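Below are the chains, spelled out letter by letter.
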Amino acid sequence: MNRSLRLSPLCARSPDAFRSRLICSRFLIARHSSSKREKVAPVVQLSSPQPKSWVEQVSPSVRPYLYLARMDKPIGTLLLYYPCAWSITMASYALHQPLSVPITYLALFGTGAFIMRGAGCTINDMWDSKLDKAVARTQSRPLASGALTPTQAFTFLGVQLTAGLGILLQLNWYSILLGASSLSVVTIYPFMKRITYWPQAVLGLAFNWGALLGWSAVAGAVNWTVCLPLYAGGIAWTLVYDSIYAHQDKTDDVTVGIRSTALLFGSNTRPILTALSASSLSLITLAGYLNHQALPFYLGVGAASVQLIRILRDTDFDDVKSCWKGFVGCGWVGRWIWAGATLDYLFLLYGS
């Protein structure tokens, strides 16, 4: 018998020996069994379930199309929309337009950004369906997983582009031609990651086209003096946030053969993105100066600067979750710049 189960002398000296022995025996057996179970029982840690996207609540037949257009991740639409909003608001400020003008175009461009961002994602996934199968983060995308066929995706793209054209036709002819010319950049962007380490720069060309288009919609033509530095500043900003985004996949990208600024910059990512951030904010500040913006605009740029400093300080470029958080946080940069431009415009209209 195991020593731990022998009766102790204390139990034997009890007035009621039998009862004492029985009680002590049961206690020691229970303790022995408990300790034995503790040694072999696995430790189970329960984790809270991951929150599901709202897309999971819609019909299964519609769900893959929503995921294809990334409707569960609105940050991409916002990043496309903010340069449009900057330009529309700054043009309205420069031309002293009534409030109805920027409201109309902000709503129109917001709808257009929602549609065209989705169309861009569809084009991207049609190009990259084979590559997406080899990257852990993108294996579940509708085309990579087989939830949609290429024919279904192409048909859906036709619907998206038709809706986008409907929005574009609401603008003046100068803007229609200018907007249509951006499709060439949108189409070639997914191919760039195969031939250059700078696909983020090509994305910047496409995603900041609204800095030109927004002004032409309000004014009838682009004021290149203001819009070129605004456009260039937006491109530098895109290089920052999309390089952070690309760090999520850099391990798989090396294996598959995808190129990006994340791989190009490597261990120098933080200082390079700091320089790009400074360039972006300097160019946007120059655009504001050339447009004769007042103090609220520069306060907005200042708030955007603080946000970028925090992101570049806190992001761990070797941690996927940290990179995603930094990428999403870059949306606040565009938001603060637009807030400053909007306050400036409202003070112009209603200030004393």
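These numbers come from a predicted model, not from an experiment. (Residues numbered from 1 in each chain as written. Predicted model: local features only at pLDDT ≥ 70, side-chain atom pairs only at ≥ 80, totals over all residues. Heavy atoms only, no water.)

A. The overall build of the protein chain, seen in detail. Across its full length, the protein chain holds 18 helices and zero strands. Relative to its 352 residues, the protein chain shows a buried fraction of 45%. Counting contacts in the protein chain only where the partners sit at least 6 residues apart, residues at least 24 apart contribute 74% of the total. As displayed, the protein chain has an accessible area near 18400 Å², and 65% of this comes from carbon and sulfur atoms. (Helix = DSSP H or I, 4+ residues; strand = E, 2+ residues; numbered from the N terminus. Buried < 20%, exposed > 50% of the residue type's maximum accessible area, 1.4 Å probe, protein only. Contact = heavy atoms within 4.5 Å. Areas by Shrake-Rupley, 256 points an atom, 1.4 Å probe, with all protein chains shown as cover.)

B. Here's a closer look at the UniProt feature "transmembrane region" (unreviewed entry) in the protein chain. UniProt marks residues 78-96, 102-123, 143-167, 173-192 and 197-215 with the feature "transmembrane region" (unreviewed entry), using the numbering shown here. The straight-line gap between the two end C-alpha atoms of residues 102-123 is 30 Å; of that span, 100% is helix and 0% is strand. Across residues 197-215, helical content stands at 79% and strand content at 0%; the span's end C-alpha atoms are separated by 31 Å. (UniProt positions renumbered as here; feature names shortened; annotations may be inferred.)

C. Quick look at the nonpolar core. Counting 67 residues, the largest nonpolar core has M90, F109, W237 and I244 as the members making the most contacts within it. Once residues lying within four places of it in the same chain are set aside, the contact partners of I244 are L273, I311, T315, F317, C323, G326, F327 and C330. Core analysis: the second largest hydrophobic core is formed by six residues, A69, L148, A153 and F156 among them. (Core = buried A, V, L, I, M, F, W, Y, C linked by side-chain atoms within 4.5 Å.)

D. The confidence of the model for the protein chain, seen in detail. The pLDDT averaged across the protein chain works out to 86; a share of 85% of its residues lies at or above 70. For the protein chain, the element scoring lowest by mean pLDDT is helix α1 (residues 9-12), at 39; helix α15 (residues 269-290) scores highest, at 98. In the predicted structure, residues 1-51 sits below a pLDDT of 50 and forms 16 contacts with residues beyond four places in sequence or in another chain. (pLDDT = per-residue confidence, 0-100.)

E. Spotlight on the packing of aromatic side chains. Inspection of the entire model under this criterion finds 14 aromatic pairs. Between W198 and F265, the aromatic rings sit 5.7 Å apart at their centres with planes inclined by 75°, giving edge-to-face as the arrangement. On the criterion of sequence distance, the pair formed by W198 in the loop between α9 (183-192) and α10 (199-207) and F265 in helix α14 (residues 261-265) is long-range, its members being 67 residues apart. The exposure class of W198 is partly exposed, given its relative accessible area of 38%. A relative accessible area of 6% means that F265 is categorised as buried. Put simply, the rings of W86, W237, Y241, Y245, W324 and F327 touch in pairs and so form one group of aromatic residues. Lying across the ring of W324, K73 places its NZ or CZ 5.5 Å from the centre. (Phe/Tyr/Trp six-rings, centres within 6.5 Å; stacked < 30°, edge-to-face > 60°. Lys NZ or Arg CZ within 6 Å of the ring centre and 35° of its normal.)

F. Broad picture of a nonpolar patch on the surface. On the surface, a cluster of nonpolar side chains totalling about 650 Å² of accessible area is made up of L99, I103, L343, L346, F347, L349 and Y350. Element by element, the count of residues in the nonpolar patch is highest for helix α18 (residues 331-350), at five residues. By the element assignment, Y350 lies in helix α18. Judged by its relative accessible area of 57%, Y350 falls in the exposed class. (Patch = residues over 30% accessible without salt bridge, like charges linked within 9 Å, V, L, I, M, F, W, Y side chains within 5 Å. Salt bridge = Lys/Arg side-chain N within 4 Å of Asp/Glu carboxyl O.)

G. Structural detail: the environment of A219. Following the sequence through the fold, A219 ends up in helix α11 (residues 210-219). A219 sits in the partly exposed class, given a relative accessible area of 38%. As for A219 and S175, which are separated by 44 residues in sequence, their C-alpha atoms are 9.8 Å apart.

H. Structural context of the packing of α9 against α10. In the contact formed by α9 and α10, the axes pass within 9 Å of each other and the chain directions differ by 165°. Viewed along their axes, α9 and α10 adopt a mutual orientation that is roughly antiparallel. Where α9 crosses over α10, the two elements pack in a sense that is left-handed. Packed against α9, whose contacting residues are V185, V186, Y189 and M192, the element α10 presents P199, V202, L203, L205 and A206 at the interface. (Axes fitted to C-alpha atoms, helices over the stretch in contact; angles between N-to-C directions. Parallel < 35°, antiparallel > 145°, perpendicular 65-115°, else oblique. Left-handed = near helix turned anticlockwise from the far one by under 90°.)

I. Layout of the pattern of salt bridges. The tally for this structure, following the rule as stated, stands at nine salt bridges. The shortest N-O distance in the salt bridge between R313 and D314 comes to 2.7 Å. Classification of R313 by relative accessible area gives exposed; the value is 58%. With relative accessibility at 46%, the residue D314 sits in the partly exposed group. Through salt bridges with shared partners, a single network forms among R70, D125, D132 and R141.

J. Inspection of unusual backbone geometry at higher detail. At R70, a residue that is not glycine, the phi angle is positive and equals roughly 55°. Mapped onto the secondary structure, R70 falls in the loop between α3 (63-68) and α4 (75-94). Taking relative accessible area as the criterion, R70 reaches 9% and is therefore assigned buried. One non-glycine residue, H292, adopts positive backbone phi at about 60°.

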